[in-house]
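# Tertiary structure, described
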Amino acid sequence: MIYKIRVILDAQEDIFRDLEIEASTSMEEFHNAIAQSFGFLGNEMASFYTCDEEWNQDEEIALFDMNENGSDVRLMNETFLEDVMTEESPKLIYVYDFLSMWTFYVELADIVSYEAGITYPNLLFSFGELPETPPEKNFESKPTFDFDDTFENYDDLDFDENWN
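Calculation notes
Residues numbered from 1 in each chain as written. Predicted model: local features only at pLDDT ≥ 70, side-chain atom pairs only at ≥ 80, totals over all residues. Heavy atoms only, no water. Helix = DSSP H or I, 4+ residues; strand = E, 2+ residues; numbered from the N terminus. Buried < 20%, exposed > 50% of the residue type's maximum accessible area, 1.4 Å probe, protein only. Contact = heavy atoms within 4.5 Å. Pairing = 2+ DSSP bridges. Axes fitted to C-alpha atoms, helices over the stretch in contact; angles between N-to-C directions. Salt bridge = Lys/Arg side-chain N within 4 Å of Asp/Glu carboxyl O. Phe/Tyr/Trp six-rings, centres within 6.5 Å; stacked < 30°, edge-to-face > 60°. Lys NZ or Arg CZ within 6 Å of the ring centre and 35° of its normal. Core = buried A, V, L, I, M, F, W, Y, C linked by side-chain atoms within 4.5 Å.

Position of Lys 4 relative to the elements: it lies in strand E1 (residues 2-9). The partly exposed category is assigned to Lys 4, whose relative accessible area is 28%. Placed 118 residues apart in sequence, Lys 4 and Asn 122 show a C-alpha to C-alpha distance of 9.3 Å. For Lys 4, the contacting residues outside a window of four places in its chain are Leu 19, Glu 20, Glu 107, Leu 108, Ala 109, Asp 110, Val 112 and Leu 124.

It is worth spelling out the sheet that holds strand E8 (residues 122-127) at this point. Spatially, eight strands are ordered E5-E4-E3-E6-E7-E1-E2-E8 in an open sheet, and the strand pairing comes out mixed. This sheet does not close on itself; its edge strands, each paired only once, are strand E5 (74-75) and E8. Examined bridge by bridge, strand E3 (residues 46-51) and strand E4 (residues 57-62) share four bridges and lie antiparallel to one another. Paired with Tyr 49 across the two strands is Glu 60, which belongs to E4. Helix H1 (residues 27-38) rests against E1, strand E2 (16-22), E3, E4, strand E6 (91-96), strand E7 (102-112) and E8 of the sheet, and its axis sits at about 145° to E2.

On to the pattern of salt bridges. Throughout the structure, instances matching the rule amount to three salt bridges. Across the pair Arg 6 and Asp 18 runs a salt bridge whose closest N-O atoms are separated by 2.6 Å. With Arg 6 in strand E1 and Asp 18 in strand E2, the pair connects residues that are 12 residues apart, well separated along the chain. Using a relative accessible area of 33% as the deciding quantity, one classes Arg 6 as partly exposed. For Arg 74, the salt bridge is made with Glu 59, and the minimal N-O distance between the two is 3.2 Å. With Arg 74 in strand E5 and Glu 59 in strand E4, this residue pair connects regions lying 15 residues apart in the sequence. Overall, Glu 59 belongs to the partly exposed group, its relative accessible area being 33%.

Turning our eyes to something else, we now look at the packing of aromatic side chains. Applying the stated criterion to the full structure yields 12 aromatic pairs. Between the aromatic rings of Phe 16 and Phe 127, the centroid separation amounts to 5.4 Å while the plane-to-plane angle is 20°, which identifies the pairing as stacked. Of this pair, Phe 16 sits in strand E2 while Phe 127 sits in strand E8, and the two are 111 residues apart along the sequence. Judged by its relative accessible area of 38%, Phe 127 falls in the partly exposed class. Here Phe 38 and Phe 104 contribute two aromatic rings whose centre-to-centre distance is 4.7 Å and whose plane-to-plane angle is 50°, an arrangement assigned as tilted. Here Phe 38 is found in helix H1, whereas its partner Phe 104 is found in strand E7, with 66 residues between them in sequence. Of the two residues, Phe 38 and Phe 104, neither departs from the other in class, the shared state being buried. Taken together, the ring pairs connect Phe 30, Phe 38, Phe 40, Phe 48, Tyr 94, Tyr 96, Trp 102 and Phe 104 into an aromatic cluster. Over the aromatic face of Phe 38 sits the side chain of Arg 17, whose NZ or CZ is 4.5 Å from the ring centroid.

With 30 residues, the main nonpolar core has Ile 5 and Phe 30 as its most contacted residues. For this core, the secondary-structure elements that each account for two or more residues are E1, E2, H1, E3, helix H2 (81-84), E6 and E7. No other element matches the six residues that H1 contributes to this core. Not counting the four nearest positions on each side in its chain, Ile 5 is found in contact with Arg 17, Asp 18, Leu 19, Ile 21, Phe 30, Leu 81, Met 85, Val 106, Glu 107, Leu 108 and Ala 109.

A separate point is the pairing of E2. Counting buried positions over the seven residues of E2 gives six, a clear majority of the element. Where E1 and E2 come together, seven bridges link them in antiparallel fashion. In the strand pairing of E2, Tyr 3 is matched with Ile 21. In this antiparallel pair of consecutive strands, E1 and E2, the connection spans six residues. Looking at chain direction, E2 and E8 are connected through five bridges and run antiparallel. Bridging from a neighbouring strand, Phe 16 pairs with Phe 127 of E8.

Structure representation (structure tokens):
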């Protein structure tokens with residue numbers, strides 16, 4: 001099967017690419033297709049993240065395992081597009097270059113049959129130009145704990161003076 005996917009840069013302006021890619025493609029090959037479609041060299045760290053309908057980030061699928069001892073992180077070269085993107089979970093978040101934090105919303109638009117004579121991945125449509133620098137990010141969340149109300153008077157905390 002062939003996935004038709006829209007990849008949208010998280011920016012004020014509309015900047016997106018529509019791609020056709022085989023469902024059996026590795027996430028590493030998908031990463032390369034996205035990077036090329038936006039004009040990146042593809043030589044920076046990147047990760048995909050599964051997410052829910054509201055784009056809340058979940059599990060990471062990394063390009064490389066940066067943990068020295070190894071870990072249970074899913075890797076792009078061992079994970080396939082059809083395993084993480086389905087009609088039931090059609091959304092992913094893609095982050096390219098962790099220093100610049102180029103962030104993209106990836107959404108499955110359609111699943112179609114393979115067409116002979118087409119080379120996949122196939123860039124169907126390109127809209128907008130990538131800016132010189134990544135859009136500014138505002139990393140905020142709703143506080144779940146109010147630290148200001150935790151302790152009214154630190155002198156009442158009964159710490160041993162020689163605790164270290």
